[in-house]
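Each chain is listed here by its residues.
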Amino acid sequence: MPKILTRERLVPNLHLLEVHAPEVAGKCRPGQFVIVMPDEKGERIPLSIADWDVERGSVTAVFLVVGTTTRKLAALKAGDEIPVFVGPLGRPSEIAAFGTVVLVAGCFGIGALWPAARALKAAGNRVVALIDAKADYLVYWKDRFRSVCDRVVFSSRDYALGSKEFVPGPLERLLEAEAPVARVIAVGCTYLMYASAQATKPLGVKTVVSLNPIMVDGTGMCGACRCTAEGKTKFACVDGPDFDGHHVDWDELFMRRKSYFDDETRSLCRYEETELP
Amino acid sequence: MKLLIDGRAVTAEGTPTLLEVARANGIFVPALCEHPALEPYAACRLCLVEVKGRKGFVPACSTRAEDGQEVMTATAEIQALRKGILELILAEHPHACLICAEKPSCDDLKSTIRKTGEVTGCVLCPANGRCELQRVVEAMGLGLVPFPSHRRPGEVRRDDPFIDRDNSLCILCGRCVRVCQEIRGASVLTFVSRGSETVIGTALDRRLLDSACQFCGACVDVCPTGSLMDRGGRYDRPAEAGTKAVCALCGQGCRLNAGIREGRIAGTSPDMDGPVNRGQACVKGRFLVGPALSHPRRLLKPLVRENGSLREAGWEEALDLAAKRLAAFAAGEVAVSASAQSSCEDLFVLQRFAAEVLRAPAVAGPWTGSAAAGLRDLGRTAGRALPLNFRMTDIDHARTIVVIGEDLPVTQPIVGLHVHRAASMGAEVIKVDAGKRALGLVSRLDRSKPAVILFGPSLVGGADGPARLAALEAAAAATGGRIIALDREANVRGGLAIAEAFPTLPASTGARALYLAGPHPKLKPGEAELVIVQGSYGDEISALADIVFPEATSFEAEGTFVNVEGRIQVSRPAVAPPGEARPGWRILQDLAGRLGAKGFGYGSEADVRAALAEAAPAFDAAALAASNEGPAFLAEGPAGAAAFAGRDAGRGRGRARVAAPLDPDDYKGLSLVLENKSLKLVRGRRCPRS
């Protein structure tokens, strides 16, 4: 079974998971994801790939602790094994010489966008990153982004980062200052991607988002991850996860993501009843 | 006295603080360390006001109002000062959501992230919507926190039962430290380290479990943020409605606020205005009411035995069958047991049913052998007026307190708080087991200091029980003090008073049938020809029954309870009974009707209470009517009624003889300590008592 090489808390609530999976590592491309099961009785969840190392044979994901399964993942230690680590899945992000690309990243998306940042820079783009966090202490991998990006700015509610606005305002100002911007890629919580797409729509700047509906299978069989993009039903796992943010039915996505909220809460309470004193 | 606050003339009585006067007059003064149950502390400095003639600013929470004072609460200077203080507090508290312009849409769209493990903003916080810091920020208005945010290191501590501790949300108001020390007398929580590294913790950073914590939840209730959190409610959405109920899990009679969501209890907390508990509770009332009510062992449908095994049945079928089978027994052949955790309404109808319909010998109830019964009998034998009623606050003023055989935090948590209060005012508290040593000790009490002797049911048992009790009573009286009987179950006093109102039929040689509405010693298969169980939880006895009636708990039906003090309280139902469970008195009344009995047509609990007041003089109608508003106590008859002496002697109790239960955490046959692993951990630390 795949072995955990590293599991560490990067910042509050966000953990890094590095798994020994050489077959996966050899095929990873930016924008793809893996399906993980923390234990044999657990559920399958998708995690965006945040990095890979062919020599180490490892694949890295950054995840938010937000329910039973991620709580279980966060409790794993180096040396533990997990029964399922399938990937890379999903279509890779489009990487080409676009010109200037603005990356909007928040939460687990900071990790998830890192491979794209690296690849876009290597493809000859001017890469500008807008990293959103509630506070300075929630930003990780600042140095990594600074090492490949031409410019890194922050949107936050924290004085330490010199900003108090959420994404839209700073993004609009960046698009103006960096004009012409060929595309925006936003990865993070649904709300961040939605807000980014809303901000760029009037300006007509192509905005790619990495959708995160509830997903079970990851290979197009179960249909749990269906979403509506460009007016058509799509499966985020095989048709995405990248979509044009200006043509996503966001209301449907928000609604579908909440479908099992009560069950998820009950599951977490039961998990705590069992695991905690 | 008359004061001028912000140019408004206001009046005040007594010795209130400026903060109390301002609040009473609807003037907003922010305060975060102040709490009505606690001594003023003046740590957060948010309540600074200006008093004309005094230099600088004074904290309103710790400044007494004086006649003629002129107070300013909202000058530009004060507001600037408060804002600065609030900003400094927020710099160390995850404040992003408090100043974020996206809040309205975020609340709608980010609902799933409430389940995060660590809190980095209000939308992720279990206290969202009930947080006092949130309310203060809202009232004061704040656009920016002009300091870099600092997160206190460490993750949420979840290594204790019931309570999560998250220092990253703590604003060091010290309420938890103070309630733990001032009110609870536990001193488990304290400030650890100094300066900017100060956190709330325990001695040597131990778990609460290893720090003598009672898990009363008082710290959780006073915490103005989500720093101390009830784990059971951590991920719940806020309750849809709330109601007040009297807790029946022990004999104290605490009033609880029960949150209701989707028809179920979603957490309980002590009511600040509860006449007995005044905002305090214990581990059971605070954390275990919901789990007890929704326990998988609840009886949800009537059961009847068919071909050797129990099957579900409708009420009509089960009642008809019970009536048919009970009709076959003659007077004295059915033994009846009752629970001291049932309401007075249930017990009164049960007594009537036993006496008039079944013509059973005395109903066996746990009040037999109770501390209160012991004290009552002592008075009757001696022909003296020995009061059973007391008030919790009587204990506060004792100079010496002797606690015999009771582990107060477990069996008498609120009495324990008053003992702590007396101790903090200088009383000497002596704890002793209910053995011979207790008698020797009380005989040597300092006669110049009024002593209160607290004893439980363990003291009155055995042949020498009455003599021991008499010795204690004499010792207390010699100091000018008194003895107080403390029983453990919710309605021992009520059950005892109701039992008095019913004549006792001569004992039969042996019961052929059992009607068990209360505890019963282990039952052997085939021991009785008919066993009917009326209860809330399935157990080994209901498994052997021929007919089982599912009964509502006190949180699901209206009912009157008389606590250890003799205080009468009517508890309103918090939720509907689960499944097809019904209130006990209704079950009995339906059964009585089927057996041809007259006068069992009560329409409501109030009807039953009216009949109770008529039949049992201790419950006078006025007291029952008043029991919702003010204090109402059981009327105590003139003592010295020598005619009563020996009345209980030779009472036949059939086979249903009941000993006082040893498990103080038993609720209607459900042992909370065995069924709940968290309570097991809490109780498990103590030495088992006999």
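Residues numbered from 1 in each chain as written. Chains lettered and ligands numbered in written order. Predicted model: local features only at pLDDT ≥ 70, side-chain atom pairs only at ≥ 80, totals over all residues.

A word on the overall build of chain B
Consideration 1: Assigned secondary structure in chain B consists of 24 helices and 26 strands.
Consideration 2: Taken over the C-alpha trace, chain B has a radius of gyration of 28 Å; the compact-globule value for 690 residues is 26 Å, and the two agree within 12%.
Consideration 3: Referenced to the eigenvectors of the C-alpha coordinate spread, the extents of chain B come out at roughly 85 × 65 × 50 Å.
Consideration 4: Counting over 690 residues, chain B shows a buried share of 53%.
Consideration 5: Contacts in chain B between residues far apart in sequence, at least 24 positions, make up 70% of those at least 6 positions apart. (Helix = DSSP H or I, 4+ residues; strand = E, 2+ residues; numbered from the N terminus. Rg over C-alpha atoms; globule rule 2.2 N^0.38 Å. Buried ≥ 20, exposed ≤ 12 C-beta atoms within 10 Å, placed from the backbone. Contact = placed C-beta atoms within 7 Å.)

Examining the packing of helix H16 (residues 436-443) of chain B against helix H18 (residues 465-478) of chain B
Residue and element names in this part refer to chain B.
Consideration 1: Between H16 and H18, the least distance of the axes is 9 Å, while the angle of their chain directions is 20 degrees. Taken together, H16 and H18 sit at an angle that is classed as roughly parallel. As H16 runs across H18, the sense of the crossing is left-handed. Where H16 approaches H18, its residues Leu439, Val442 and Ser443 are matched on the opposing element by Arg468, Ala471, Leu472 and Ala475. (Axes fitted to C-alpha atoms, helices over the stretch in contact; angles between N-to-C directions. Parallel < 35°, antiparallel > 145°, perpendicular 65-115°, else oblique. Left-handed = near helix turned anticlockwise from the far one by under 90°.)

Topic: the nonpolar core
Consideration 1: Within the largest apolar cluster, 291 residues are counted, with the highest numbers of intra-cluster contacts made by Leu103 and Ala129 of chain A together with Ile453 and Leu454 of chain B.
Consideration 2: Tallying contributions element by element places helix H11 (residues 344-358) of chain B first for this core, with nine residues. (Core = buried A, V, L, I, M, F, W, Y, C linked by C-beta atoms within 7 Å.)

Thoughts on the sheet that holds strand E2 (residues 8-11) of chain B
Residue and element names in this part refer to chain B.
Consideration 1: The sheet built from five strands is open, its strands ordered E2-E1-E5-E3-E4 with mixed pairing. Pairing within the sheet leaves two strands with one partner each, and these edge strands are E2 and strand E4 (58-59).
Consideration 2: As defined by bridge partners, strand E1 (residues 2-5) adjoins E2 across four bridges and the pair is classed as antiparallel. Among the inter-strand pairings, lysine 2 is bridged to a residue of E2, identified as threonine 11.
Consideration 3: Packed onto the sheet, helix H2 (residues 76-91) meets strand E3 (48-51) and strand E5 (70-72) and runs at close to 155 degrees relative to E3. (Pairing = 2+ DSSP bridges.)

Some details on the interface of chain A and chain B
Consideration 1: Listed by partner, the interface residues are 31 residues for chain A and 33 residues for chain B.
Consideration 2: Looking at the side of chain A that touches chain B residue by residue, the class counts come to 18 nonpolar, three polar and ten charged. (Nonpolar A, V, L, I, M, F, W, Y, C, P; charged D, E, K, R; others polar.)

Let's talk about the sheet that holds strand E11 (residues 255-261) of chain B
Hydrogen bonding along the main chain pairs the strands of a sheet, whether they run parallel or antiparallel.
Residues and elements named next belong to chain B.
Consideration 1: The strand order E10-E11-E12 describes an open sheet built from three strands, whose pairing is antiparallel. The open sheet has two free edges, formed respectively by strand E10 (241-246) and strand E12 (264-270), since each of these has just one partner strand. Each strand of the sheet is rotated relative to its neighbour by a mean of 30 degrees, with strand direction disregarded.
Consideration 2: As defined by bridge partners, E10 adjoins E11 across six bridges and the pair is classed as antiparallel. Note that in E11 the partner of lysine 244 across the bridge is asparagine 257.

Observations regarding helix H6 (residues 175-183) of chain B
Residue and element names in this part refer to chain B.
Consideration 1: With seven of its nine residues buried, H6 lies for the most part within the structure.
Consideration 2: Along H6, the positions that sit buried rather than exposed are Arg175, Cys176, Val177, Arg178, Val179, Cys180 and Ile183.
Consideration 3: Tucked inside the fold, the buried residues of H6 contact strand E7 (190-192), strand E8 (199-201), helix H7 (218-222), strand E9 (228-230) and helix H15 (413-424).
Consideration 4: A positive backbone phi angle near 70 degrees is found at glycine 185, which sits one or two residues after H6.

Here's the deal with the domain arrangement of chain B
Residue and element names in this part refer to chain B.
Consideration 1: Looking at chain B, the domain boundaries give domain 1 (2-74), domain 2 (121-293), domain 3 (303-365 + 508-667) and domain 4 (371-485).
Consideration 2: Taking only C-alpha atoms into account, the centre of domain 2 sits 38 Å from that of domain 3.
Consideration 3: Contacts between domain 2 and domain 3 engage 21 residues on the former and 18 residues on the latter.
Consideration 4: Elements with a contribution of two residues or more to the side of domain 2 that touches domain 3: E10, E11, E12 and helix H9 (289-293).
Consideration 5: Sort the elements by how many residues they give to the side of domain 2 that touches domain 3 and E10 lands first, with four residues.
Consideration 6: Across the side of domain 2 that touches domain 3, the residue classes break down as 13 nonpolar, five polar and three charged. (Domains from an automatic or database assignment.)

Some remarks on the confidence of the model for chain A
Consideration 1: In this model, chain A carries an average pLDDT of 95, and 100% of its residues clear a pLDDT of 70 or more.
Consideration 2: When the elements of chain A are averaged for pLDDT, helix H9 (residues 261-275) of chain A gives the smallest value, 91, and strand E2 (residues 14-20) of chain A the largest, 98. (pLDDT = per-residue confidence, 0-100.)

Considerations on the domain arrangement of chain A
All names here are of chain A.
Consideration 1: Taken domain by domain, chain A comprises domain 1 (3-89) and domain 2 (100-257).
Consideration 2: Here the C-alpha centroids of domain 1 and domain 2 sit 21 Å apart.
Consideration 3: Every contact between the two is made by 19 residues of domain 1 and, on the other side, 19 residues of domain 2.
Consideration 4: When residues of the side of domain 1 that touches domain 2 are traced back to their parent elements, those giving at least two are strand E1 (3-11), strand E3 (33-37), strand E4 (45-53), strand E5 (58-64) and strand E6 (84-89).
Consideration 5: It is E4 that provides the largest number of residues to the side of domain 1 that touches domain 2, a total of five residues.

What about the packing of H11 of chain B against helix H19 (residues 492-500) of chain B?
Residues and elements named next belong to chain B.
Consideration 1: Between H11 and H19, the least distance of the axes is 10 Å, while the angle of their chain directions is 30 degrees. On the basis of the axis angle, H11 is roughly parallel to H19. Seen along the crossing, H11 lies across H19 with a hand that is right-handed. Packed against H11, whose contacting residues are Cys344, Leu347, Phe348 and Gln351, the element H19 presents Gly494, Gly495, Ile498 and Ala499 at the interface.

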